[in-house]
Amino acid sequence: MKRKVFSAVTALIMAATLANAQDFDQYFTDRTLRIDYTFAGNQQQQFIAVDQCSTSPRWYGKRKRLAELPMEGNGQITVRDHKSQQVIYRNSFSTLFQEWLTYPEAQNGTKSFENVFLVPMPRDTVDVTIDLRNNRREVMATLTHQVVPTDILIRRIGEKEVTPYETLLAAKDTTRCIHIAFMAEGYQEHEMDTFIRDAQEAIDALFAHEPFKSYKDRFHIVAVKSPSAESGTSTPSKGVWKNTALHSHFDTFYSNRYLTTLHLKDLHDWLAGTPYEHIIVLVNTSEYGGGGILNSYNLSMTHHRLYRPVVVHEFGHSFAGLADEYAYQEEEINMYPHDVEPWEQNITTKADFKGKWSNLIGKDKKAGFYEGAGYSQKGVYRAYPDCRMRTNENPIFCPACQQAIIGIIDFYTR
């Protein structure tokens with residue numbers, strides 16, 4: 001009897017696995033469709049425009065749960081089969097454009113930002129919808145456009161002259177893993193050995209933290225040797241401008257430690273043909289700074305004494321969609337309305353807390369509601385007194401963040 005029950009359960013699991021594989025193969029080929037967009041506007045009005053489409057070999061993203069979101073995000077991309085209008089792929093993201101809209105400059109000025117999204121290459125015509133959401137979780141701009149896979153103007157990339165890369169960590173199963181590419185920024189050709197060492201240090205730092213340590217065999221990591229004409233990065237406040245692979249710079253939105261790149265098309269051009277989905281950009285500088293944007297990139301300086309905690313903290317943003325848990329009185333930003341529940345799993349306004357870290361309260365004496373998070377001194381709460389998402393000095397992710405990260409790892413790999 002036990003053998004029959006086991007066989008039945010095994011058959012169900014195999015059938016579910018086969019159904020997932022068939023869903024992917026039914027609608028997609030093993031290639032990546034890259035769609036470049038321009039997001040533009042100001043606080044009053046926002047616009048989305050398609051720039052161009054490209055295709056490259058292999059698809060390194062999820063092959064299961066294709067129509068499900070790993071988290072809500074500040075924006076979503078939805079792919080529908082044109083004939084049936086069935087949703088066949090979804091993902092979420094955040095953007096620098098949406099962050100810029102929260103700053104005073106966006107009240108009167110108008111700017112445009114590059115954005116790039118990757119989806120599996122469809123077999124047939126699809127309708128792609130991009131939604132951008134405000135801090136009340138309301139859609140503020142949307143665009144639906146058609147992609148015909150036989151379109152002769154879809155550029156083929158990543159088939160010749162692929163940027164050299166090294167595999168630094170091999171997953172146990174490369175068909176069910178999370179692909180990360182480290183990319184060199186501000187490293188000249190003769191500095192690539194330094195870049196590889198810096199990438200290895202970041203790997204060591206990341207997998208010293210739980211839950212990444214316990215799930216290390218589910219990650220596949222490469223280091224992409226994109227050379228720069230000059231070493232370092234730009235610091236506009238000091239009048240320093242460097243010619244680098246991604247034209248990264250400090251002083252993003254006039255915040256001196258905010259280190260980012262706005263050149264997302266260049267970023268993905270360098271990575272075309274390499275195995276990647278998530279991106280960690282390593283910047284060859286000793287100045288303090290970095291940034292992390294959900295499903296876009298994590299960018300960190302490498303030669304400051306706080307490199308290790310910063311690169312891990314920023315990966316919490318870009319990979320797991322975790323919010324910052326700190327709030328500085330002199331830099332308070334009203335990013336989270338107190339009557340709206342944030343979608344991020346590690347903060348709450350108590351507007352609709354259910355399903356976050358409620359399972360930890362009562363089981364862990366430290367779990368609770370600690371005011372001061374999400375850049376607000378009042379009205380936004382975190383789960384624990386301290387965490388890697390709050391301070392560089394704290395050596396671990398708190399249990400609330402850990403369970404959120406585990407959920408994302410499982411989403412991509414199970």
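This text goes with the structure placed above it.
My aim in this report is to walk through the structure given alongside it, one point at a time. (Residues numbered from 1 in each chain as written. Predicted model: local features only at pLDDT ≥ 70, side-chain atom pairs only at ≥ 80, totals over all residues. Heavy atoms only, no water.)

A tally of regular secondary structure across the protein chain gives 7 helices and 17 strands. Expressed along its principal axes, the backbone C-alpha trace of the protein chain runs to roughly 65 × 55 × 45 Å. Evaluated residue by residue, the protein chain yields a buried proportion of 56% over its 414 residues. As displayed, the protein chain offers around 18,700 Å² of accessible surface, 50% of which is attributable to carbon and sulfur atoms. Counting 45 positive and 50 negative side-chain charges, the protein chain places the centres of these two groups 9 Å from one another. (Helix = DSSP H or I, 4+ residues; strand = E, 2+ residues; numbered from the N terminus. Buried < 20%, exposed > 50% of the residue type's maximum accessible area, 1.4 Å probe, protein only. Areas by Shrake-Rupley, 256 points an atom, 1.4 Å probe, with all protein chains shown as cover. Lys, Arg positive; Asp, Glu negative; His and termini not counted. Charge placed at Lys NZ, Arg CZ, Asp CG, Glu CD.)

On to helix 6 (residues 307–318), then. Turn by turn, an α-helix covers 3.6 residues, leaving residues three or four places apart pointing in a common direction. In this model, helix 6 (12 residues) spans 16 Å end to end at C-alpha, consistent with the 16 Å of a helix rising 1.5 Å per residue. Of all 12 residues making up helix 6, 11 are buried, and the element is well covered by its neighbours. Among the residues making up helix 6, those that are buried are Tyr307, Pro309, Val310, Val311, Val312, His313, Glu314, Phe315, Gly316, His317 and Ser318. If you follow the buried residues of helix 6, they end up packed against strand 10 (178–185), helix 4 (192–206), strand 12 (278–283), strand 13 (290–293) and strand 14 (297–301). (Expected span 1.5 Å × (residues − 1). Contact = heavy atoms within 4.5 Å.)

Our focus in this paragraph is the sheet that holds strand 15 (residues 347–348). Pairing within the open sheet is antiparallel, and its 3 strands lie in the order 15-17-16. The open sheet has two edge strands, strand 15 and strand 16 (370–373), and neither has a second partner. Judged from the 3 bridges that link them, strand 16 and strand 17 (residues 376–382) form a sheet pairing that is antiparallel. Looking at the pairing, glutamate 371 lines up with tyrosine 381 of strand 17. (Pairing = 2+ DSSP bridges.)

Before going further, it helps to examine unusual backbone geometry. Cis geometry marks the peptide bond from glutamate 210 to proline 211, where omega comes out at 5°. Inspection of the secondary structure puts proline 211 in the loop between helix 4 and strand 11 (219–224). Phi angles above zero are rare outside glycine, and aspartate 251 is one such case at about 65°. Mapping aspartate 251 onto the fold places it in the loop between strand 11 and helix 5 (264–271).

In this structure, Phe182, Phe212 and Phe319 are the most contacted members of the largest nonpolar core, which totals 108 residues. Not counting the four nearest positions on each side in its chain, phenylalanine 212 is found in contact with Leu206, Phe207, Phe219, Phe315, Phe319, Phe397, Ile405 and Ile409. Counting 8 residues, the second-largest nonpolar core is a separate cluster that includes Tyr336, Ile347, Ala373 and Val380. (Core = buried A, V, L, I, M, F, W, Y, C linked by side-chain atoms within 4.5 Å.)

Our next topic: the packing of helix 4 against helix 6. The geometry of a pair of packed helices is captured by two quantities: the angle between their axes and the separation between those axes. At a minimum axis distance of 9 Å, the contact between helix 4 and helix 6 shows a crossing angle of 70°. In terms of orientation, helix 4 lies roughly perpendicular with respect to helix 6. Here helix 4 runs over helix 6; the crossing is right-handed. Contacts from Asp198, Ala199, Glu201, Ala202, Asp204, Ala205 and Leu206 of helix 4 reach helix 6 at Tyr307, Arg308, Val311, Val312 and Phe315. In terms of residue class, the contact of helix 4 with helix 6 is made up of 8 nonpolar, no polar and 4 charged. (Axes fitted to C-alpha atoms, helices over the stretch in contact; angles between N-to-C directions. Parallel < 35°, antiparallel > 145°, perpendicular 65-115°, else oblique. Left-handed = near helix turned anticlockwise from the far one by under 90°. Nonpolar A, V, L, I, M, F, W, Y, C, P; charged D, E, K, R; others polar.)

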